[in-house]
Structures are given as structure tokens and as C-alpha cells.
Amino acid sequence: MNIAKVIVDVPASSINQTFDYYIPDKFIDILEPGMRVIVPFGPRKIMGFVVGFVSESTFDKLKEIVDVLDITPVLTKELLELGKWVANETLSLSIIALQAMLPQVLKSTYKKELVKKTDLDLPVELEYLFAGRDIVPFEAFEQSNISYNKLQKVIQAGDVTIDYLVKSKITKKQITMVKPAKDSHLLEEALVDLSKAAKKQKQLVDFFIQKEEPIEQKRLLTILQTTTSTLKTLEEKGLIETYKQEVFRNPYNDDRFERTYPLELTDEQRGALNPIKESIEKEKHEVFLLHGVTGSGKTEVYLQAIQEVINKGKEAIVLVPEISLTPMMVRRFKGRFGSNVAVMHSALSAGEKYDEWRRIHQKEVKVVVGARSAVFAPFENLGIIIIDEEHETTYKQEDQPKYHARDVAIHRAENYNCPVILGSATPTLESYARATKNVYTLATLSKRTNDMPMPHVEIVDMRNELHVGNRTMFSRKLVEGMKERLKKNEQIVLLLNRRGYSTFVMCRDCGHVNECPHCDIALTYHKNSNRLKCHYCSYEENVPVNCPECSSDLIRYFGTGTQKVEEALTEIIPEATVIRMDVDTTRKKGSHEKILKQFAEKKADILLGTQMIAKGLDFGNVTLVGVLTADSMLHLPDFRSSEKTFQLLTQVSGRAGRHKLTGEVIVQTYTPEHYSIQLASVYNFSDFYKTEMAMRRKFRYPPYYFLALITISHENKVKVIQTSQKIVGLLMNKISQTTVVLGPTPSPIPRIKDRYRYQCMIKYRNEPQLRMYLNKIKEQFADEMRKENLLISIDMQPYHLM
DNA sequence: AGCACGCCGACT
DNA sequence: GTCGGCGTGCTC
């Protein structure tokens, strides 16, 4: 077994296979599958993952592994298997699947250097380039105007070589520690010798006489109110020593969290928890769908289930949507399990993420709370996986590998014979359908733990507002409600459901809309820079003064941004203070938290924001929630738009009246009769489920059918259409009778970055060979994809149909 | 992907 | 002859 099978770091379909390498003797005892290695690949050196060992290879001229990057495998055997499964399931490259399971810093970067190998002089230009050095970065050559032939000559002569370096960008944080260099009685002697003026030095020596342990330099300096110069002098005198020590960055100071204890469960909660406990106890894989209204105490069920898992010496993964990974959520888990919790989300720096990952890898924690990718946490004794807000679309990764965390979670849990909990107030139709068919076990929490009723929801027909001459974006009912709350010193949350809308510029005379010259999409108006920007490429331009079509100067801004709403709001209710929360105001790290804190401290009357305010907020003083445009995403070309609308309205309604005060919700809409708005307003999930299921069945959508979306793109429109038609033709020959292939049709955004985009949708019920067919099709076009820059992207079970 | 190699046309 | 551009095939 002296040959390693390696997946190399080259994301190309022709390289999507293992490569064999000899293992040098010095590595034979230490190398394990799951470790990263550096291997020669053609003329260069690249990183690769060892996935297995063999004693013979079909390939006869093997090279040797150059170096081993890890002491312990970064990928466990299970994760290697999982990677294979993910790659297969999502039709992505193995290397992409493996990289997705690790923190960014473990990715390798590559660098080339020119090395001078002779003492003799090179041709003048090259001598000038080296400028006396033996090694120069390759970029220096590229930036010079020396011809490649010149370089080639000296390389062929052996006077210069190209070194291909593999760099791992691991960053370990180090702190400086200080410790006494001598025994305390020797220090006491030294103390006498110090000059009287050296007050600080004396203090410092005295400090170490009292306490002989090492201390962090930064802390020492604050305690003694001195600077590094004092330390330096004493170090030179040989009384103290400083040294560097590696530390884990802890983005959360664990002492900060107040310890919490298990709460008494309601009957409903107990009813939900018991079968989960049983599944943990019997080590039986089972998926639980925990359908609980907002405020029904789902989290407490999670916490107690996790406690059970920890008691058994096992580990837990908790997935939450990125957006609700708020300090509040973290506090609940840290408060219960203390330093046993690692937290993984995008607001952490790359180094912090790596540290949290290492704490898991080194088995220092038992619980991970994190966003989508935390589903790959390198635990080896998993006892439960919990997915909170199961319906959130962020669980589906948009770029390669296009996996769904729910599927990965269930697959892993099967391996470990452990339960999965899917929790939501508004489960996806997919999950709920499985629960009704007893594939999943359903547990319902229908009551809020505080026994408060759900707030009353009032639907306001905005068409009537127009009829009576109200042209603002606030209905009379909403304005009245807000004024009333202000009088009572209560707070208000306003949701601007902006998805599908953005501010664009339109000419009122001829209706001309400024579009991106490279993408078929309207440019978005950005107020702070007063420019028009494209959201799909980097194009931007100034706002025109006159219409480029008809030269009219009647240019108007359309669509509604939070900024605009805020302005309108201050006009109507000038006495109200407003805090805005959207992508613009939360871009900076920690600003999310800051805004919520301000609002919690009642520094403002109204919190105005986009989707992100719909989740996880819990303010006792909020008694009115207003939804400005409930139907703005109802008309998007997405078969899930009704479901998404229902989910959003239900979620946001849960924000009002969380505590003692009763809440009210006002929903403004132009389509008040729509079932998703009607049923959300009376919290009727089961009727919504039935109605929507009937629609899905009729139009052959999930959960009745599975989907695969193929997107074809190329600079040449004709090429795209031809290729798309060819692909559909090929598919038609293979698929079964019940499978439907739609298209090819232009994508909802027909052109991005000067590339035309066509798509076809496959709807299927039972097509066990589909992945194989699709792979074959991709293979057939591999040549064209490479040579002509044709792109074929396949998304299994897509969420974004763009 | 990224690199080398080889062929070709253009330029001095 | 020398230079740069592009198509092609290979990577254990």
C-alpha cells in the first residue's frame, strides 16, 4: 500500500478523477486518507486530498508525493464519503465538494518564482530583472517587457528555473506571554540592585515575585500601567522572558453568557421531545418535523434534545439561517452549554472561522451552531442534527456544489443512526408532505409558551386607498395605528418586502428604463453615490439628466427602497424616530446587532427594514407590525412565490405582541383575495398546505415532481439556442414517459455579463438514471465548453430559478 | 485550470 | 531570424 489515490486541486471535468502517487518512505507511516498533500502535476506543484491507498496502479510512471500538509486528516473517512455523495448528488466536481466542507483558509494558493541557478551573468534585461537577487516572483517578469522567448532560452540552458510553490494561507493567532526568568528569591535579590528611579521596573519584578506564572503581555501592561520598553529593559537584564504562544481567537467571550437552565416544558413540548429522546436513546435514525407556531418554544425542545445527546457523550449540529444567527440565538446556546459550543457564521473573519473549526476538529466542543456549511462539521460521533427554520432558502447553496443542507444532514444522520429535527412555523411543502406520508415524524406545537394569542392580522386593500385619493405608501389604517402606538409609547416594526423590486429610473414621457448594456436587467438607482448600478456585473453609470431615448427631462425614480419609505414616513409622522435596517445599513460587521440593540433600548419608535427583520426579533414593546407591500413577490416567475409570501407574512406576524402586550398586524396589499395572504392572516397553515399542494399537483411541481434546471450560456445567442435544443433532444431520447422537459426558454434574466442564457427545466417523478444522462450530456459538450467558452450548469432541486 | 509545445503569420 | 498569438493535448 505504498501508492496514494489523490483528488487534485484542479477544478476541471477532465481532471475529475483520482491520480496515483508513490508515497515516499518518510511519509508511509504518517499518511492517512483525508490529509492534504502537495503533489507534482505536470510541470507544477499543487495541493490534493488523499482519498485512499492501493499497492498497485494501472498507471506505470507514477510520481512521488512531495509533502504532507496535515498532522491529522482534515477530512474524516465519513466526510470523504460524504464528499463523494455530494459530488454525485449535485453533479459537481469532487474537488469542489471536498473544498466546500473545509474552512476557506485550508484552501491552497499558488505562486511562481524565477530562481537563478548560475553565478554567471544572464542577458542584460534578465540581470536587470533579478537585480542581484537569486529569486524573483514570476509577476515581476510578467510586468517587465522581456519576451517569453528570452526567458525560455535561459530556462533551457538551465541557468534559471521556475519554482511552483503551494501556499496554505493558514493564520494562527499568536499572543506574547511574559514569564519570570529566574526563581523568586533571585528576583528579590535583583530588586535591590535596581536603581531607585526605575519605579516601573521594580513594580514589574515585584509582580513576578508575588506570582510566578506566565501572563499575557497585554494584560500585564494594563495591570501595571506601563509599556513594552520596561519589559525590554528587564528582558535584557535577564530577569524576565517573553515568548509567543498560539491561541484560538474566541469571537465570543464565554463568561459573558449568563448560564441558563432547562425550562419546564409544556405538555406539547414534552410530547414533541419524548419521541426524539427515544430515537436518541435507541440510536435510531428518524426525521422529525417540528411544526411550531412562533413563540411556541421550539428552541427549548432543541436544547433539551441536545442535552440528551451530550449526556450520551455524542455531538450535535444546529443549523440556523445566516440571518437569524443573531447574538440572541448564540446567547441561548452558549448560556446552556457554555464553552461546549462552537459558532460558525459568515460574520466571523476567516481566521476566526478556522479557529472554531479547529475546536470541532480537535473535539473541544460538543455542539456547533452555524449556517449552512456547518452541516459539514468534522464530528465523528454525531448524536443529532437540528435544522431551525427549515423552510429557509439559504439552506440551498447557490454556487457549486449546489447542495441543500437538509439533504446532507439527513444523509449524515443515516450514517450515524441519529435523529434529525426540522423545525419551522411554516414548513416547506416538501417536508410537510413527507410528514403526512409518515416518512418524517410530525410533532406540532400549536400554543405559544406565554399563552398569548397570535396577533390579529388586518388586511388592507391598497386599491381602495388609491380610490379615495391616498397616493402614499401608507394606508389610513396603518397611519392611524402608528400614531396610536406612538401616543402609548409603544414600538412599531415596518416591513418593506422588497424582493423583486428595486429602485430604477424611468422616463415618464416615453417609459424608457435604463438597462445595463451587458445584462438584460434594469439598472438600480443608488442614492448615496447618485449612480445607476447593475447588480449582476460591475457596470455603473451616472443618472441621466435627460432621457436617452426622447430627451425628455421628466426622469423619475420608481420602486421603493427603505430610504424612500423613511423619507415619506417622516413627512407623514414627523414626530416618530425611525431606524432603518437593510443591506446598506448592516454592511458593517456588528451593525446588525447595534441596530437591534438601539431599538431594544427604545431609542427609536419605528424599525423599518427588509426581509431580515422578519426573523428572530423579540421585542416586548412592539405592538404593531406593518407589512407595506405583501404581494411584491407574489408575481415573480417562481412556483414557490405563494409559499414564500405565506412564510414571510407568518414570520413577521410573530414579531408582534411577544410578551405581555397584545399585538396587531396590518398587511397592505393589492391582491387581498390571494389565498396565501388570506390564510396567513388567520394562521391557517393546513388550509394553505392543501390549497398550495393542489396547485403544485396541477402544475407538476415539487413535492409531486422533482426538478432539475439546466442553464446554458454563451456570448452568441444562436449558439445558446442551438445547444439548448440539442440538449433537449438528447434528453428526450432517454427519459421516461412521465418526465416533462420544458424549454429551452430564455432565462428570467436572458443576458448577464454579455452572455445569453437559456434554460430547460426537467420535471420528473422517477428517473433513477437522470444524473448519469446529465453527466453524459455534459461530457458530450465538454470540448465545446472548453474551446468555445460554452457554459452548461445543472442545478438539481433548484431554489433560484433565475 | 494552467502549462508547454508547436505551428503560423508578421515584422525587422 | 525573432516575436507574439492561438490551437491542442496532457497532467498520476
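Please read these numbers as outputs of a predicted model, since none were measured by experiment.

Draft legend 1. Fine view of the overall build of chain A. Regarding its fold elements, chain A presents 26 helices and 34 strands. Its C-alpha radius of gyration of 31 Å places chain A within 12% of the 28 Å reference for a compact globule of 802 residues. Along the first, second and third principal axes, the C-alpha atoms of chain A reach 90 × 75 × 70 Å. Counting only residues that meet the buried cut, chain A has 51% of its 802 residues in that class. Within chain A, contacts between residues separated by at least 24 positions form 73% of all contacts whose residues are at least 6 apart in sequence. Of the side-chain charges in chain A, 111 are positive and 102 negative, and the distance between the mean point of each set is 2 Å.

Draft legend 2. Up close: the protein's contact with DNA strand B. Near DNA strand B you find V10, P11, A12, S14, P43, R44, K112, Y148, Y164 and R786, and these make up its full shell. Each atom of DNA strand B within 4 Å of the protein was assigned to sugar, phosphate or base; sugar and phosphate come to 64%. At a separation of 3.1 Å, a phosphate oxygen of DNA strand B approaches a polar side-chain atom of Y164. Here a base oxygen of DNA strand B sits 2.8 Å away from a polar atom, N or O, in the side chain of R786. Looking at the surface near DNA strand B residue by residue, the class counts come to 6 nonpolar, 1 polar and 3 charged.

Draft legend 3. Main features of the UniProt feature "binding site: Zn(2+) 2" (unreviewed entry) in chain A. UniProt marks C516, C519, C534 and C537 with the feature "binding site: Zn(2+) 2" (unreviewed entry), using the numbering shown here. Taking the farthest pair of C-alpha atoms as the criterion, the annotated set spanning 22 residues converges on one region, since that pair is 8.7 Å apart. For C516, the location among the structural elements is in the loop between β22 (504-507) and β23 (524-526). With sequence-adjacent residues up to four places away left out, C516 is seen in contact with I521, L523, C534, C537, Y539 and R751. Residue position: C534 is located in the loop between β24 (531-533) and β25 (540-542). The class for C534 is buried, based on a relative accessible area of 7%. Not counting residues up to four positions away in its chain, the partners in contact with C534 are C516, C519, I521, L523 and Y539.

Draft legend 4. View of the nonpolar core. Grouped together as the largest cluster of nonpolar side chains are 92 residues, with contacts concentrated most on L75 and L607. In contact with L75, other than residues within four places in its own chain, are P33, G34, F49, L80, L98, M101 and L102. Among the nonpolar cores identified, the runner-up in size contains 31 residues, and Y302, F333, I421 and A443 belong to it.

What counts and how
Residues numbered from 1 in each chain as written. Chains lettered and ligands numbered in written order. Predicted model: local features only at pLDDT ≥ 70, side-chain atom pairs only at ≥ 80, totals over all residues. Heavy atoms only, no water. Helix = DSSP H or I, 4+ residues; strand = E, 2+ residues; numbered from the N terminus. Rg over C-alpha atoms; globule rule 2.2 N^0.38 Å. Buried < 20%, exposed > 50% of the residue type's maximum accessible area, 1.4 Å probe, protein only. Contact = heavy atoms within 4.5 Å. Lys, Arg positive; Asp, Glu negative; His and termini not counted. Charge placed at Lys NZ, Arg CZ, Asp CG, Glu CD. Near = heavy atom within 4 Å. Polar contact = N/O pair within 3.5 Å; in protein donor to acceptor, adjacent residues only side chain to side chain. Nonpolar A, V, L, I, M, F, W, Y, C, P; charged D, E, K, R; others polar. UniProt positions renumbered as here; feature names shortened; annotations may be inferred. Core = buried A, V, L, I, M, F, W, Y, C linked by side-chain atoms within 4.5 Å.

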